[in-house]
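Structural characterization, general
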Amino acid sequence: MKGLKILKDGYLETVKNGSTTLSLLGHGGGIEMMKQTVLKDKLIALFPGEDASVQEFFYILKGEVEIEINDSKVNLREDDLFSAQDLDEAIYLTAKTDVTFLSVSTYPVFHSMSNVISELRKIGEEVERKDRYTFKHSSRVSKYAVKTATKMALGRDRIHNLFLASILHDIGKINIPEEVLKKPDKLTDEEFELVKKHPGDGAAMLRKTAYADLADIVEQHHERVNGRGYPFGLKGDEILVEAKIIGVCDTFDAMTEDRAYRKAFTAQYAVDEIKRLAGIQYDPEVVEAFEQVMIEEGKIN
Ligand SMILES: [Fe+2]
Ligand SMILES: [Fe+2]
């Protein structure tokens, strides 16, 4: 039946992290629903977040936890619940027995803890090491991308996917030989053909995981609105907005980094250059939002 999803005896994905097992039961509309099991005697910490609007709810299905509040202790058992929003300090809970909660969060907790993401991220870092980039390339790209998307009011789920896709956008480069990635001068046609495979290779890696819905974004991050990008030569609206956003942020970050064959360009020069190519290589709406972000970040004026 349309609109109904049944999942029997299963989770979308499970992560094990020492004494905690976290299973994703469902996500959508900016929330995640999880089942979490923590072993006896382990400490569970809830930290104040940066975002005051984030809410987390915990409903105890089985077991017992002790929570310390201002020197007094409260024990919570089956059918008890607690929630947290805009904490002013960290809260610590101790599992008195093995304890299982149902938890709902308005922030993507699960995905930031996921093994798959951290494995893929390691590949990304490996690539950056090979590629002469600093480690921080992908995280900077993701930061700019999320801010740009927020300006464009893309919606919470899409922004979340964009965040993950931008962190992973270059993982396909793992297949490019180091000599090619590090080559200080112009690539031969043959070498460039190898480089052009990285968006497709990255997408293929993602299609094998629970993050298959990020694959198209990764695959299209070097497409350009005039159809001169790669691998497909997609044009204008054929390219996902998310991919266009990564395209702009990635270009900016690459231009403002030192390379073997040139010094870094200034942020102002890079933005001006991207603006000059708005409507040619880059989506004008994305460029405009990106420029606003750069102004707000104090990178340009
Ligand atoms: Fe790339
Ligand atoms: Fe990149």
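See the structure printed just above.
This text gives an overview of the structure that appears in the document. (Residues numbered from 1 in each chain as written. Chains lettered and ligands numbered in written order. Predicted model: local features only at pLDDT ≥ 70, side-chain atom pairs only at ≥ 80, totals over all residues. Heavy atoms only, no water.)

**A look at the coordination of the iron ion (ligand 2)**
Put simply, the rule reads: Distances define the donors: N, O and S atoms within 2.8 Å of the metal qualify, as do those within 3.2 Å of Na, K or Ca. Water is excluded, so some sites may look unfinished. Geometry is assigned from donor-metal-donor angles: four donors are tetrahedral when every angle falls between 85 and 135 degrees, four are square planar and six octahedral when opposite donors sit over 155 degrees apart with all other angles between 65 and 115, and any other arrangement is irregular. The numbering of helices and of strands both runs from the N terminus, where a helix is a DSSP run of H or I of at least 4 residues and a strand a run of E of at least 2. Burial classification: accessible surface area is computed with a 1.4 Å probe over protein chains only, and a residue below 20% of its type maximum counts as buried, one above 50% as exposed, and the rest as partly exposed.
Here the iron ion (ligand 2) is held by the protein donor atoms His137 (NE2), His169 (NE2), Asp170 (OD) and Asp250 (OD), which lie 2.1 to 2.4 Å from it. Geometry at the iron ion (ligand 2) is irregular, judged from its four donor atoms and the angles of 76 to 175° they form at the metal. The motif formed by the donor residues of the iron ion (ligand 2), counted along the single chain, is H-x31-H-D-x79-D. In this structure the iron ion (ligand 1) is found 4.0 Å away from the iron ion (ligand 2), and Asp170 serves as a bridging donor for the pair. Here His137 is found in helix H3 (residues 137-151), whereas its partner Asp170 is found in the loop between helix H4 (156-167) and helix H5 (178-182), with 33 residues between them in sequence. When its relative accessible area of 0% is taken as the criterion, His137 is described as buried.

**So, the environment of Glu78**
Defined as follows: It only takes one pair of heavy atoms within 4.5 Å for two residues to be counted as in contact.
Tracing the chain through its elements places Glu78 in the loop between strand S7 (72-77) and strand S8 (81-85). Sequence separation of Glu78 and Glu291 is 213 residues, and the distance between their C-alpha atoms is 51 Å. Discounting chain neighbours no more than four positions away, the residues touching Glu78 are Ile60, Leu61, Lys62 and Gly63.

**Digging into the packing of aromatic side chains**
Threshold: Whether two aromatic rings pair depends on their centres lying within 6.5 Å, for rings of Phe, Tyr and Trp, where Trp uses its six-membered ring; planes under 30 degrees apart make the pair stacked, over 60 edge-to-face, and the rest tilted.
Taken as a whole, this structure holds eight aromatic pairs when the rule is applied. Their ring planes at 10° and their centres at 4.7 Å tell us that Phe58 and Phe82 sit as a pair that is stacked. Residue Phe58 is found in strand S5 (residues 55-62), and its partner Phe82 is found in strand S8; the two are separated by 24 residues along the sequence. For the pair formed by Phe58 and Phe82, the shared burial category is buried. Look at Phe252 and Phe290: their rings are 5.3 Å apart centre to centre, the planes differ by 65°, and that puts the pair in the edge-to-face class. Of this pair, Phe252 sits in helix H9 (residues 241-255) while Phe290 sits in helix H11 (residues 284-296), and the two are 38 residues apart along the sequence. When sorted by exposure, Phe252 lands in the same class as Phe290, which is buried. One aromatic cluster is present, formed by Phe58, Phe82 and Phe101 through successive ring pairs.

**Focus: the layout of surface pockets**
Quick reminder of the rule: The pocket and cavity definitions rest on a 1 Å grid over protein atoms only: a 1.4 Å probe that fits but cannot leave marks a cavity, an open set with protein on both sides within 12 Å along at least five of seven lines marks a pocket, and residues lining either have an atom within 4 Å of a point. Grid points are joined across faces, edges and corners, and a volume is the space filled by probe spheres set on the points. Throughout, the ten residues Ala, Val, Leu, Ile, Met, Phe, Trp, Tyr, Cys and Pro are labelled nonpolar, Asp, Glu, Lys and Arg are labelled charged, and all others, Gly among them, are labelled polar.
In this structure, the second largest pocket spans a volume of roughly 1100 Å³. As for the second largest pocket, its lining consists of 34 residues, and the residues nearest its centre are His222, Tyr230, Ala254, Arg259 and Tyr261. No other element matches the four residues that H9 contributes to the lining of the second largest pocket. Of the residues contributing to the lining of the second largest pocket, the split by class is 15 nonpolar, five polar and 14 charged.

**Description of the side chain of Ser105**
Relative to the helices and strands, Ser105 is located in strand S10 (residues 99-105). For Ser105, a relative accessible area of 1% gives the class buried. Residues contacting Ser105, with those up to four places away along its chain left out, are Gly30, Ile31, Glu32, Met34, Gln55 and Glu56.

**Quick notes on the coordination of the iron ion (ligand 1)**
For the iron ion (ligand 1), the full set of protein donor atoms is Asp170 (OD), His198 (NE2), His221 (NE2) and His222 (NE2), and the range of their distances to it is 2.2 to 2.3 Å. Given four donor atoms and angles of 85 to 177° at the metal, the environment of the iron ion (ligand 1) is assigned as irregular. Sequence positions of the residues that donate to the iron ion (ligand 1) give the spacing D-x27-H-x22-H-H.

**Observations concerning helix H10 (residues 267-276)**
The condition is simple: By construction, the arc corresponds to the directions joining the helix axis to the C-beta atoms.
Every buried residue of H10 is accounted for by Ala267, Ala270, Val271 and Ile274. One side of H10 carries all its buried residues, which in axial view fall inside an arc of 95°. Each element contacted by the buried residues of H10 is listed here: H9 and H11.

By themselves, these figures tell us nothing about what the structure is for.
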